[in-house]
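Descriptive analysis of the structure
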Amino acid sequence: MGIIRRAALAAGLVAGLSAVTPAAAQTQLTLQHPLPTANSHYGAGAMAFKESLEKASNGRYRVTIQRNDNEREMIESVQIGTLDLTITSTGPVGNFVPEVRTVDVPFLFRNYAHARGALDSQIGQDILAKFPARGLVGIIWMENGFRHLTNSRHEVQTPADIRGLKIRTMENQVHMRAFSTLGALPTPMAFSELIPALQQGTVDGQENPIPVIVANNINQVQKFLTLTGHVYSPALLIGSPALWNGLNAADKALFMDAARAARDANRAKVSTDEQSGIDELRRRGMTVVTRIDTEQFQGALATAFAQYEKDLDAGLLKRLRDWKPQP
Ligand code: EAX
């Protein structure tokens with residue numbers, strides 16, 4: 001049989017097969033987060049999610065990762081279904097799901113093991129269960145990290161050093177109360193507005209985990225860093241109900257496997273970047289105050305803590321605060 005006939009026969013076979021076995025339907029998903037897509041702790045999580053889901057679904061799902069540094073905007077888009085997934089800090093989430101404000105209380109978590117263990121426990125699941133009623137799907141807890149204070153004015157060693165500083169906060173009532181209690185002037189804004197505000201001197205300082213400060217070169221507009229560790233900043237992978245409610249049980253399981261891969265990669269990156277990031281910020285010229293009297297700061301926040309007990313779910317606060325690893 002001539003080459004042309006063989007080629008024609010082969011082409012006919014392929015055409016026939018494709019008519020009989022339709023290519024598996026492919027679903028394109030978009031995941032947005034506010035940090036550099038390549039080198040950040042959210043970027044590491046997003047990539048791990050993408051790789052896990054695409055591989056496990058044999059390509060039935062394709063994930064496009066994009067940067068969007070307005071967390072409130074991303075949450076709103078997920079809520080109305082124009083965005084499938086977002087990785088965001090809890091910063092603005094409390095404005096959508098009030099129970100989340102509880103995890104933003106300063107000095108609530110003793111350390112990373114406490115925060116991760118409590119949020120991965122039934123306590124964290126109980127908070128995620130509040131999301132669907134608010135038109136969101138809280139898929140898994142992730143991590144932004146312990147937040148530290150930077151400013152352009154002077155070294156901060158004591159709570160009194162914060163008095164009078166205009167501090168950018170997230171759009172988060174819990175954090176704003178804490179800084180106003182310390183005598184600062186909290187100025188809430190989305191992350192997308194932060195660098196210009198620091199450049200123009202609209203605010204004197206801001207607070208963020210070390211990896212966020214490093215990844216966004218905040219050292220270029222801030223001279224002083226104090227390792228206050230004043231609040232642990234959880235993050236979340238949030239999905240749209242439009243996406244989630246359309247998944248069958250088997251695909252939901254694939255999504256959860258991918259979410260756990262995302263969480264683990266994200267937390268590993270935070271652990272790596274936290275210490276190396278402090279050394280890097282020193283190398284970049286920041287003055288770093290490494291030790292503060294945490295009890296002094298907690299004492300200065302006493303009236304805020306009393307108000308949190310009234311405004312938030314005191315029982316949930318106690319469960320989170322008292323969580324300990326099971327023997
Ligand atoms: O989630 O807005 C903030 O300061 C957040 O920490 C940042 O967007 C990473």
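Residues numbered from 1 in each chain as written. Predicted model: local features only at pLDDT ≥ 70, side-chain atom pairs only at ≥ 80, totals over all residues. Heavy atoms only, no water.

1. Considerations on the overall build of the protein chain
What counts is decided by this rule: A run of H or I in DSSP counts as a helix once it spans at least four residues, and a run of E counts as a strand once it spans at least two, with each numbered from the N terminus. Should any heavy atoms of two residues lie within 4.5 Å, those residues are considered in contact. Here the Shrake-Rupley method, with its probe set to 1.4 Å, supplies the accessible areas, and only the displayed protein chains count as covering residues. Charge counting follows a simple rule: Lys and Arg are positive, Asp and Glu are negative, and His as well as the terminal groups are ignored. We put the charge of a Lys on NZ, of an Arg on CZ, of an Asp on CG and of a Glu on CD.
When its secondary structure is counted, the protein chain shows 13 helices and nine strands. Summarising the internal contacts of the protein chain: among those between residues at least 6 apart in sequence, 75% fall at separations of at least 24. Carbon and sulfur atoms provide 53% of the accessible area of the protein chain, an area that totals close to 14300 Å². Side chains of the protein chain give 34 positive and 31 negative charges; the mean places of these two sets differ by 4 Å.

2. Some thoughts on the nonpolar core
We apply this condition: We call a set of buried residues a nonpolar core when its members are Ala, Val, Leu, Ile, Met, Phe, Trp, Tyr or Cys and they connect through side-chain atoms within 4.5 Å of each other. Only protein chains enter the accessibility calculation, which uses a 1.4 Å probe. A residue is then buried if its area is under 20% of the maximum for its type, exposed if over 50%, and partly exposed in between.
With 49 residues, the main nonpolar core has Val103, Phe109, Phe131, Leu136, Ile162, Tyr308 and Leu320 as its most contacted residues. Looking at this core, the elements that each hand over two or more residues are α3 (71-80), α4 (112-120), α5 (122-128), β4 (137-151), α6 (173-181), β8 (224-239), α12 (302-311) and α13 (314-322). Top contributing element to this core by residue count: α4, with four residues. Those residues in contact with tyrosine 308 that sit more than four places away from it in its chain are Val105, Pro106, Val174, Arg177, Ala178 and Leu317.

3. Remarks on the packing of aromatic side chains
Where we set the bar: Side-chain rings of Phe, Tyr and Trp (the six-membered ring for Trp) are treated as a pair once their centres are within 6.5 Å; stacked means planes under 30 degrees apart, edge-to-face means over 60, and tilted covers the remaining angles.
Scanning all chains against the criterion turns up eight aromatic pairs. Of the aromatic side chains, those joined through ring pairs into one cluster are Phe49, Tyr61, Trp244 and Phe255.

4. Remarks on the pattern of salt bridges
Side chains that differ in charge, positive against negative, can pair when their charged atoms come close. Put simply, the test is: By convention in these notes, a salt bridge is any Lys or Arg side-chain nitrogen within 4 Å of a carboxyl oxygen on Asp or Glu.
Under the criterion given, the structure shown has 19 salt bridges. As a salt-bridge pair, glutamate 171 and arginine 72 come within 3.0 Å of each other at their nearest N and O atoms. Here arginine 72 lies in helix α3 and glutamate 171 lies in the loop between β5 (166-169) and α6, a separation of 99 residues in the sequence. Several salt bridges converge on common partners, so that one network encompasses Asp120, Arg263, Asp264 and Arg267.

5. Regarding the site of the ligand
Rule in force here: Throughout, near means a residue has at least one heavy atom within 4 Å of the molecule or strand. Here a polar contact is taken to be a pair of N or O atoms separated by no more than 3.5 Å, where protein atoms must pair a possible hydrogen donor with a possible acceptor and residues adjacent in sequence count only if both atoms sit in side chains. By the convention adopted, Pro, Cys, Tyr, Trp, Phe, Met, Ile, Leu, Val and Ala count as nonpolar, Lys, Arg, Asp and Glu as charged, and the other residues, Gly among them, as polar.
In the region of the ligand, the neighbouring residues are Pro34, Tyr42, Glu71, Ser89, Asn144, Arg147, Arg168, Met170, Phe191 and Asn208. Within the side chain of tyrosine 42, one N or O atom sits 2.8 Å away from an oxygen atom of the ligand. At a separation of 2.9 Å, an oxygen atom of the ligand approaches a polar side-chain atom of asparagine 144. Contact with the protein chains hides 99% of the accessible area of the ligand, taken as 270 Å² for the molecule alone. For the shell around the ligand, a count of residues per class yields four nonpolar, three polar and three charged.

6. Section: the packing of α4 against helix α10 (residues 249-283)
Rule in force here: Axis definition: a line fitted to C-alpha atoms, over the contacting stretch in the case of helices. Angles run 0 to 180 degrees between N-to-C directions. Geometric relationships in this document are graded by angle, where less than 35 degrees denotes roughly parallel, more than 145 denotes roughly antiparallel, 65 to 115 denotes roughly perpendicular, and other angles denote oblique. Helix crossings fall into two classes, left-handed where the near helix is turned counterclockwise from the far one by less than a right angle and right-handed where it is turned clockwise.
With their axes 13 Å apart at the nearest point, α4 and α10 run at an angle of 170 degrees to one another. Comparing the axis directions of α4 and α10 gives the class roughly antiparallel. For the crossing formed where α4 meets α10, the hand is right-handed. Residue-level inspection shows Tyr112, Arg116 and Asp120 of α4 in contact with α10, the latter providing Arg263, Arg267, Val270, Ser271 and Glu274. Of the residues assigned to the contact of α4 with α10, the class counts are two nonpolar, one polar and five charged.

7. As for α4
Counting buried positions along α4 yields seven of nine residues, so the element is predominantly enclosed. Those residues of α4 that sit buried are Tyr112, His114, Ala115, Arg116, Gly117, Ala118 and Leu119. Turning to α4, the residues buried within the fold contact α5, β4, β8, α10 and α13.

8. A closer look at the environment of glycine 117
By secondary structure assignment, the location of glycine 117 is in helix α4. Sequence-wise, glycine 117 and lysine 130 are 13 residues apart; in three dimensions their C-alpha atoms are separated by 19 Å.

9. A closer look at the pairing of β5
Rules: Pairing between strands requires that DSSP locate at least two bridges from one strand to the other. Here, the term right-handed applies to a crossover whose path from the first strand over the helix to the second runs clockwise when the strands point away from the viewer.
Two strands pair when backbone bridges link them, and β5 and strand β6 (residues 185-188) are joined in this way by four bridges, in the parallel orientation. Bridging across to β6, arginine 168 finds its partner in threonine 187. Viewed along the sheet, the connection from β5 through α6 into β6 turns out right-handed.

10. A few points about the pairing of strand β7 (residues 205-209)
For β7, a buried count of five out of five residues is recorded, marking the element as mostly surrounded by other parts of the structure. Of the two faces of β7, the one carrying Gly205, Glu207 and Pro209 and the one carrying Gln206 and Asn208 are both buried. Pairing of β4 with β7 involves five bridges; the strand directions are antiparallel. Across the sheet, the residue bridging to asparagine 151 is glycine 205, located in β7. Here β5 pairs with β7 via two bridges, running parallel. Along β7, the bridge assignment pairs isoleucine 167 with glycine 205.

11. Some points on the side chain of arginine 267
Looking at the secondary structure, you find arginine 267 in helix α10. Polar side-chain contacts of arginine 267 include one of 2.7 Å to the side chain of aspartate 120. Setting aside residues up to four positions removed in sequence, arginine 267 forms contacts with Arg116, Asp120, Trp141 and Glu143.

The values are spatial; any link to function lies outside them.
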